[in-house]
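# Secondary and tertiary structure notes
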Amino acid sequence: MSFAARLEAELEQFKRDGVYKRLNYLEAPQAARTKMQGRGDVVILSSNNYLGLCNAPEVVAAGKRALDQFGAGTGSVRFICGTFTIHRELEQALARFVGCESSLTYVSCWNANEGLVATLLGEQDIVISDQLNHASIIDAIRLAKTITKCQTAVYRHSDMSDLEDKLRAAQATKARLKLIFTDGVFSMEGDIAKLPDIVALARKYDAVVAVDDSHGTAVLGASGRGTAEHYGMLGQVDIITSTLGKALGGAAGGFTAGAAALADYLTQGSRPQLFSNALPPTVAGSALAAVQHVEHHPELVRRLHDHARYFRERLVALGFKPLPGETPIVPVILGETAKAIQMSELLLNEGVFVTGFGYPVVPQGHARIRCQLSAAHTRDDLDFALAAFKRVGASLGLI
Ligand SMILES: Cc1ncc(COP(=O)(O)O)c(C=O)c1O
């Protein structure tokens, strides 16, 4: 069988198994409502555009200005070709925003995570990771293990006694650096890491805490500074990684923030930094404007929190059982993957775009519809979506 024929056969099998992902094409920007090819207007309930900044005029204009001022790109990696002043401005703004001394940007948070673990850890070190961490952390750890032979351990999701067991074991083997790595907000569950307990354990066992706050940055806390602000712990997390591809403009990019020495150290040795180009200036300009916008408009964050509370309460009143929580990620567990895909299709027929997730993204039997709220939604958008949930839920016998 030829290479292409083999791929085609496997793709056909994905279709038969009901796990084939069909792309939906949008003809207008990410917003509360957009235009989907072949569908017309739809309300989006499946975007990380938490504050509606993907198409905010200030964010788009800043990207255009940066394009005009700096051109399309860096032409090479930063230490070879020079680094633009807009990167420095963005990194200072991001560090200030998340309560750290310094930050370093990457073309994605995926790269930031990969660049972190393999650079900081060697054979004498251990990374201890939450079982439900994002794929980018899992792969970052696998890569680091291969490259540097660092030690690894996984603790049961948010189970502090299991984390303590792993820390105790690491202490017994005299691991030099013990790095606890957790998501701030777990993307498929919408729950928040137990940061106060994690930081207390880290202090007890002389460990370092890294939080990937991709779903927390510009989302959690009264002014959107993330999981640390949510718990009143700004400045107490050793390392924060996060994305620019969600609430902060939604284009692309990520960053690592921490002590001043951290950004410098990663600049020296982090492979995605040394061997891959910097953020395009237009993306850096848009992200900088997004950070400034959130700093000047904390009411957007309050609105997002209000929407999340309202939507969750109304879903429960309809008879659905969303996972409990307080973030704008509201998952409704349906069980089988086919059921989640079917519900997603029926909702799309009603003009609501929300994705169903099944195995292997979530464990077998835990397929779900994951709703995500945005400050850009109006109450009318939410009520429109809730009415669709009511009809579709009734037709599927879910409520
Ligand atoms: C927790 C977490 N980390 C990292 C990423 C990857 O971010 P990026 O798109 O910037 O690579 C995501 C995106 O889904 C995420 O949810």
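Quick notes on the rules
- Residues numbered from 1 in each chain as written.
- Predicted model: local features only at pLDDT ≥ 70, side-chain atom pairs only at ≥ 80, totals over all residues.
- Helix = DSSP H or I, 4+ residues; strand = E, 2+ residues; numbered from the N terminus.
- Buried ≥ 20, exposed ≤ 12 C-beta atoms within 10 Å, placed from the backbone.
- Pairing = 2+ DSSP bridges.
- Right-handed = clockwise from strand over helix to strand, strands pointing away.
- Domains from an automatic or database assignment.
- Contact = placed C-beta atoms within 7 Å.
- Nonpolar A, V, L, I, M, F, W, Y, C, P; charged D, E, K, R; others polar.
- Axes fitted to C-alpha atoms, helices over the stretch in contact; angles between N-to-C directions.
- Core = buried A, V, L, I, M, F, W, Y, C linked by C-beta atoms within 7 Å.
- Expected span 1.5 Å × (residues − 1).
- Arc of directions from axis to C-beta.

By the secondary structure assignment, V42 is in strand β2 (residues 40-44). We classify V42 as buried; it has 20 C-beta atoms within 10 Å. It is 9.7 Å that separates the C-alpha atoms of V42 and A385, two residues lying 343 residues apart in sequence.

Next up on the list: the pairing of strand β4 (residues 126-130). Burial within β4 is extensive, with 5 of its 5 residues counted as buried. In β4, alternate side chains face the same way, and those of I126, I128 and D130 on one face and V127 and S129 on the other are all buried. When β4 meets strand β5 (residues 151-155), the two strands line up parallel, connected through 5 bridges. Bridge assignment links I128 to a residue of β5, and that residue is A153. Traced from β4 through helix α6 (residues 135-148) to β5, the parallel crossover comes out right-handed. For β4 and strand β6 (residues 178-183), the ladder comprises 4 bridges, and the chain directions are parallel. Across the sheet, the residue bridging to I128 is I180, located in β6.

Glancing now at the domain arrangement of the protein. On domain assignment, one finds that the protein holds domain 1 (22-50 + 298-395) and domain 2 (57-296). Using C-alpha coordinates to define each centre, domain 1 is positioned 27 Å away from domain 2. Listed by partner, the interface residues are 19 residues for domain 1 and 18 residues for domain 2. Where the side of domain 1 that touches domain 2 is concerned, the elements lending two or more residues are α13 (298-318) and β10 (329-335). It is α13 that provides the largest number of residues to the side of domain 1 that touches domain 2, a total of 4 residues. Residue composition of the side of domain 1 that touches domain 2, by class: 13 nonpolar, 5 polar and 1 charged.

Our focus in this paragraph is the sheet that holds β10. Here we have 3 strands laid out as an open sheet, ordered β10-β13-β12, and antiparallel in their pairing. Edge positions in the sheet fall to β10 and β12 (356-357), since each has one partner strand and no second. The sheet contact formed by β12 and strand β13 (residues 367-372) spans 2 bridges and is antiparallel. Considered in β13, the bridge of G356 is made with I369. On top of the sheet, α13 reaches β10 and β13; it is set at about 25° to β10, its chief contact. The strands touched by helix α14 (residues 337-349) are β10, β12 and β13; relative to β13, the strand with the most contacts, the crossing angle is about 35°.

Before going further, it helps to spend a moment on the nonpolar core. If you look at the biggest cluster of nonpolar residues, it comprises 118 residues, and the most contacted ones within it are V127, V209 and A287. The leading source of residues in this core is helix α12 (residues 281-296), at 8 residues. Ignoring sequence-local partners within four residues, the contact set of V127 consists of V117, L121, I141, A144, C150, T152, L179 and F181.

What follows deals with helix α15 (residues 379-395). With 17 residues, α15 should cover 24 Å at 1.5 Å per step; its first-to-last C-alpha distance of 24 Å lies within 8% of that length. Taken together, the buried positions of α15 are D381, L382, A385, A388, F389, V392 and G393. Buried residues of α15, viewed axially, fall in a sector of 130°; they line one side. Exposed side of α15, more than 90 degrees from the buried face: R379, D380, A394 and S395 are the residues found there. Buried residues in α15 make contact with β1 (33-36), β2, α13, α14 and β11 (352-353). Where α15 ends, the next residue or the one after it, G397, has phi of about 70°, a positive value.

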